[in-house]
Amino acid sequence: MDVDLIFKIAAIGVIVAVINLLLQKSGRDELALMTTITALVVVMMVVVQKISELFSLIRSLFSF
């Protein structure tokens, strides 16, 4: 497993947490929620892409 992927996801989490905190303190709760949802979608897209690569690798290993 690529360690860079874990660091990227963690960095996205930290950045979104800071942005979310700043937006909530300024009274923009809806925008904070939208930021969180957007970050969740981005992380899920990265994870799904990596899972797709894993399945492709497994398929190529077992094909004759």
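Provided above is the structure to which this section pertains.
Here's a quick rundown of the structure. (Residues numbered from 1 in each chain as written. Predicted model: local features only at pLDDT ≥ 70, side-chain atom pairs only at ≥ 80, totals over all residues. Heavy atoms only, no water.)

### Points about the packing of helix 1 (residues 3-25) against helix 2 (residues 29-62)
At a closest axis distance of 8 Å, the pairing of helix 1 and helix 2 adopts a crossing angle of 170 degrees. Judged on the interaxial angle alone, helix 2 and helix 1 are roughly antiparallel. Residues L5, I9, I12, V16, I19, N20, L23 and Q24 of helix 1 pack against D29, L31, A32, T35, T36, A39, V42, V43, V46, V47 and K50 of helix 2. Residues belonging to the contact of helix 1 with helix 2 are distributed by class as follows: 13 nonpolar, four polar and two charged. (Axes fitted to C-alpha atoms, helices over the stretch in contact; angles between N-to-C directions. Helix = DSSP H or I, 4+ residues; strand = E, 2+ residues; numbered from the N terminus. Parallel < 35°, antiparallel > 145°, perpendicular 65-115°, else oblique. Contact = heavy atoms within 4.5 Å. Nonpolar A, V, L, I, M, F, W, Y, C, P; charged D, E, K, R; others polar.)

### Examining helix 1
Between its terminal C-alpha atoms helix 1 stretches 33 Å, which fits the 33 Å expected from 23 residues at 1.5 Å a residue. Taken as a whole, helix 1 has its buried residues at L5, V16, N20 and L23. Among the structural elements, helix 2 are those in contact with the buried residues of helix 1. Directly after helix 1, the chain includes G27, whose backbone phi takes a positive value near 85 degrees. (Expected span 1.5 Å × (residues − 1). Buried < 20%, exposed > 50% of the residue type's maximum accessible area, 1.4 Å probe, protein only.)

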